[in-house]
Amino acid sequence: MGASYDVKGKEAEHNKDPDDKKVREYLGTYFPRSYGEVRCIAENLSQNDKYCKFLLRKYYKPLLTNHGVRKEKISILDLGCGTGGDIIGLLSVLQEKLPPPMQIDIWAFDVNFTALKYMKAVVDAFAVKYDRQINTHPIFYDVKPQLGFSQIADDVSSLQFDYILCCKSCSELLSDHVLIQPYLSVAKTFSTMLADCGIMLLLDVASQPDGCEYLPKEMNDELNSFISLNTEFCTLVPKPCSAHPECKSHCYMLKQFSV
């Protein structure tokens, strides 16, 4: 697709410019990183035997109830998808764990309409390569301080998602002072749209934008606060947070990925 490798440093933290050349540079430089990060996390989750058995029962065997109907598709919501590295990271693990024919529906939002174009092209190529039925819905949006994520929530309010991804987009909202508590806002706004045993995956860069808290600490503080008030949800990763949901300390998990 004409992608090229060009490290942008700080400039890469704000990928709103729809210039085609810049988006192709992002595709060739940062797409592999997003892919590697989410793939590693999804592989970690897939090592949970109970969760994998649940997926297979849910999608490939009729439920043993009078009203049970086997689910025919997996639904994915991506908040700030960029060129789709995080989506392909997740899809690559699902491809290995769930045999065809499984339909996949993807609702992907981003502030960069050119990045959305490349994301759809990459997902379409993945679908052809692995003979998967994937329906992709790329949607342009721009989060406003007074509205937060309400516009996106309105667009998908009738849907339930097996996976909700929000990768390295909350940091932009925080550093641009668009939202004060973006991680908490994502959790509060979209957690009700998770299907049974659905997973919300949030990750971000380990940096400290001007005037902001260190991002890993900010994320953990906000999400731990959400979990403490919404006990129907729990943390799977990191494991210490899962084992001690009552913890109020200001620690955080830092995981390094080599690409």
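Residues numbered from 1 in each chain as written. Predicted model: local features only at pLDDT ≥ 70, side-chain atom pairs only at ≥ 80, totals over all residues. Heavy atoms only, no water.

### Considering the overall build of the chain
Then, in step 1: Of regular secondary structure, the chain possesses 10 helices and five strands.
Then, in step 2: Its C-alpha atoms give the chain a radius of gyration of 18 Å, within 12% of the compact-globule value 18 Å for 259 residues.
Then, in step 3: Dimensions of the chain along its principal axes, counting C-alpha atoms only, are 55 × 45 × 35 Å.
Then, in step 4: The 259 residues of the chain split such that 48% are buried.
Then, in step 5: Pairs at least 24 apart in sequence give 74% of the contacts found in the chain among residues at least 6 apart. (Helix = DSSP H or I, 4+ residues; strand = E, 2+ residues; numbered from the N terminus. Rg over C-alpha atoms; globule rule 2.2 N^0.38 Å. Buried < 20%, exposed > 50% of the residue type's maximum accessible area, 1.4 Å probe, protein only. Contact = heavy atoms within 4.5 Å.)

### Some details on the nonpolar core
Then, in step 1: One finds Ile-74, Ile-76, Leu-91, Ile-106 and Tyr-163 to be the most contacted residues of the largest nonpolar core, which totals 40 residues.
Then, in step 2: Looking at this core, the element that brings in the most residues is helix α5 (residues 113–130), giving eight residues.
Then, in step 3: Of all hydrophobic cores here, the second largest spans 28 residues; its members include Phe-149, Ala-153, Phe-161 and Leu-173. (Core = buried A, V, L, I, M, F, W, Y, C linked by side-chain atoms within 4.5 Å.)

### Topic: the pattern of salt bridges
Pairs can form between side chains of opposite charge whenever their charged atoms are close.
Then, in step 1: What the rule picks out here adds up to 10 salt bridges.
Then, in step 2: Lys-168 serves as the salt-bridge partner of Glu-37, at 2.9 Å between the closest nitrogen and oxygen. One end of the pair, Glu-37, is in helix α2 (residues 31–46); the other, Lys-168, is in the loop between β4 (161–167) and α7 (170–175), with 131 residues separating them in the sequence.
Then, in step 3: Residue classification places Glu-37 among the buried residues on the basis of a relative accessible area of 15%.
Then, in step 4: Residue Lys-168 is classed as buried on the basis of its relative accessible area of 19%. (Salt bridge = Lys/Arg side-chain N within 4 Å of Asp/Glu carboxyl O.)

### Focus: the pairing of β4
Then, in step 1: Here β4 lies mainly inside the structure; seven of its seven residues are buried.
Then, in step 2: Relative to β4, strand β1 (residues 73–79) runs parallel, the two sharing three bridges. Following the sheet pairing, Leu-77 is matched in β4 by Ile-164.
Then, in step 3: Looking at chain direction, β4 and strand β5 (residues 194–203) are connected through six bridges and run parallel. Across the sheet, residue Ile-164 finds its bridge partner in β5, namely Met-200. (Pairing = 2+ DSSP bridges.)

### Some points on the side chain of Asp-86
Then, in step 1: Secondary-structure assignment places Asp-86 in helix α4 (residues 85–97).
Then, in step 2: Although Asp-86 is buried, it makes no salt bridge; Lys-168 carries the closest opposite charge, 8.1 Å away. (Lys, Arg positive; Asp, Glu negative; His and termini not counted.)

### Comments concerning the environment of Leu-215
Then, in step 1: Residue placement: Leu-215 occurs in helix α9 (residues 215–229).
Then, in step 2: Relative accessible area serves as the criterion here: at 1%, Leu-215 is assigned to the buried category.
Then, in step 3: With 125 residues separating them in the primary sequence, Leu-215 and Leu-90 have C-alpha atoms 23 Å apart.
Then, in step 4: Leave out the neighbours within four places in its chain, and Leu-215 touches Ser-171, Leu-174, Tyr-183, Asp-204, Val-205, Ser-207 and Pro-209.

### Notes on unusual backbone geometry
Then, in step 1: The omega angle of the peptide bond from Val-237 to Pro-238 is 5°, so this bond is cis rather than trans.
Then, in step 2: Take Pro-238: it is sitting in the loop between α9 and α10 (239–243).
Then, in step 3: One non-glycine residue, Asp-131, lies in the positive phi region at around 55°.
Then, in step 4: Not every positive phi belongs to a glycine, and His-177 is a case in point at roughly 60°.

### Things to note about the state of the cysteines
Then, in step 1: Following the criterion strictly, the structure yields zero disulfides and no others.
Then, in step 2: The structure places no disulfide on Cys-81, whose sulfur is separated from the nearest cysteine sulfur, that of Cys-167, by 10 Å.
Then, in step 3: Unpaired in terms of disulfides, Cys-234 finds its nearest cysteine sulfur in Cys-197, a separation of 8.9 Å.
Then, in step 4: Classification of Cys-234 as exposed rests on a relative accessible area of 61%. (Disulfide = S-S within 2.5 Å.)

### Looking at the packing of helix α8 (residues 182–190) against α9
Then, in step 1: Packing of α8 against α9 leaves a shortest axis separation of 8 Å and a crossing angle of 35°. Of the two possible hands of crossing, α8 and α9 adopt the one that is right-handed. Each of Pro-182, Tyr-183, Leu-184, Ala-187 and Lys-188 in α8 lies in contact with α9, whose residues at this interface are Leu-215, Glu-218, Met-219, Glu-222, Leu-223 and Phe-226.
Then, in step 2: Residues belonging to the contact of α8 with α9 are distributed by class as follows: eight nonpolar, no polar and three charged. (Axes fitted to C-alpha atoms, helices over the stretch in contact; angles between N-to-C directions. Left-handed = near helix turned anticlockwise from the far one by under 90°. Nonpolar A, V, L, I, M, F, W, Y, C, P; charged D, E, K, R; others polar.)

### What to know about the packing of helix α1 (residues 20–29) against α2
Then, in step 1: Two elements in contact, α1 and α2, have axes separated by 4 Å at closest approach and are oriented at 40°. With respect to their mutual orientation, α1 and α2 come out oblique. Between α1 and α2, the contacting residues are Tyr-26, Leu-27, Gly-28 and Thr-29 on the first element and Phe-31, Pro-32 and Arg-33 on the second.
Then, in step 2: Among the residues making up the contact of α1 with α2, the classes are represented as four nonpolar, two polar and one charged. (Parallel < 35°, antiparallel > 145°, perpendicular 65-115°, else oblique.)

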